[in-house]
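Spelled out from the first residue to the last, the chains are:
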Amino acid sequence: MRLGLAVAIGAALLLSLLPARAINRGKAEHLDSFTWNRTDPWFGGFSAIEVGDDGLSMTVLSDRAKILTARISRDGERISGVTPGQVHKVRSSRNKVLNGRAGDSEGLVVAPDGSLYISFEGIARVARYRRIGGPAEVLSRPKAFDHMARNGAFEALAMDPKGRLYTMPESSRAADGTIPVYRWDGRVWDTVFHLDQIGGFLPVAADFGPDGLLYVLERKAGTLGFRSRLRRWTVTEQGASNEETLFQSGTGRHDNLEGLSVWRDAQGKLRATMISDDNFLFLQRTEIVEYRLPD
């Protein structure tokens, strides 16, 4: 665990006793922050979330190689409860349960055909799963993946409207300090563009919204806790453009947000649903946070 993250976790206990600091910049509207509590041994460490089109079904991924489906209950704009479904263990290509460094599962895509893609941080790679709980089909790994930081590789994973995967390392940077974005076209990975790293925020989740734009959730760990930021871009064959910052939270406003899903609600409004990684520590919490986004 990096020092900055450890310090932020230690400060979370103090911040939980203080009023949350307000959003200080952005265009999004905060709708709800729901604290999800359970005592099950599998509960916690959630690093990715995919919300169904109905806004009621979700799939969440733990960074300890667990994946589960669940149902969200709502009371108007607010989440009133979460009912977990089946819990599955993430497996290797040999159908063995992953653990340790190899099981550091971070990013999640649920494809239109029902298959799943998971990105990993401990050993940088992306794998396809034809069914939840089934064996992995590991996508080819270019040499660039071998040099990723052990705790700084692929937390973010997204699929564009053409079915191409995009991933980016959390902390491993290009020579000029920008964030390299890799795209899988079904055969090979290519570096298709770079994103600017601004203000020390690191990418921890990504999604293509129903509007076709690329959304990236970023986190900054400091001496007084966590800050979060959501940015989006238009992606074309020429690269990423039209960058917008949708929100940037004050320290302690949210816990350690790491998962992101962008969808449209029943009113046709864009919504971002995020989930926090509590690192299996009592002084943190599992939050499901939602914002309404401008079109």
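Below or above, wherever it landed, is the structure these notes cover.

What counts and what doesn't
- Residues numbered from 1 in each chain as written.
- Predicted model: local features only at pLDDT ≥ 70, side-chain atom pairs only at ≥ 80, totals over all residues.
- Heavy atoms only, no water.
- Helix = DSSP H or I, 4+ residues; strand = E, 2+ residues; numbered from the N terminus.
- Rg over C-alpha atoms; globule rule 2.2 N^0.38 Å.
- Buried < 20%, exposed > 50% of the residue type's maximum accessible area, 1.4 Å probe, protein only.
- Contact = heavy atoms within 4.5 Å.
- Areas by Shrake-Rupley, 256 points an atom, 1.4 Å probe, with all protein chains shown as cover.
- Lys, Arg positive; Asp, Glu negative; His and termini not counted.
- Charge placed at Lys NZ, Arg CZ, Asp CG, Glu CD.
- Phe/Tyr/Trp six-rings, centres within 6.5 Å; stacked < 30°, edge-to-face > 60°.
- Lys NZ or Arg CZ within 6 Å of the ring centre and 35° of its normal.

**So, the overall build of the chain**
Looking only at helices and strands, the chain has one helix and 21 strands in total. For the chain, the C-alpha radius of gyration of 18 Å lies close to 19 Å, the compact-globule estimate for 295 residues. With respect to the principal axes defined by its C-alpha atoms, the chain has extents near 50 × 40 × 40 Å. In the chain, buried positions account for 55% of the 295 residues. Summarising the internal contacts of the chain: among those between residues at least 6 apart in sequence, 52% fall at separations of at least 24. A total of about 12700 Å² of accessible surface is found on the chain, and carbon and sulfur atoms cover 49% of it. Treating the 39 positive side-chain charges of the chain as one cloud and the 36 negative ones as another, the clouds have centres 4 Å apart.

**Some details on the packing of aromatic side chains**
By the definition in use, this model includes twelve aromatic pairs. Consider the rings of Trp42 and Phe43, whose centres lie 5.9 Å apart with planes at 65°: the pair is edge-to-face. Trp42 sits in the buried class, given a relative accessible area of 16%. With relative accessibility at 8%, the residue Phe43 sits in the buried group. A ring pair is formed by Phe154 and Tyr182, whose centres lie 6.2 Å apart and whose planes are at 70°; its orientation type is edge-to-face. Here the residue Phe154 occupies a position in the loop between strand E10 (136-138) and strand E11 (156-159), and Tyr182 occupies one in strand E13 (residues 179-184), the gap between them amounting to 28 residues. On the basis of relative accessibility, which here comes to 0%, the residue Phe154 falls in the buried class. The class for Tyr182 is buried, based on a relative accessible area of 9%. A network of ring pairs unites the aromatic residues Phe145, Phe154, Tyr182, Trp184 and Trp189 as a single cluster. Sitting above the plane of the Phe120 ring, Arg125 keeps its charged end 3.8 Å from the centroid.

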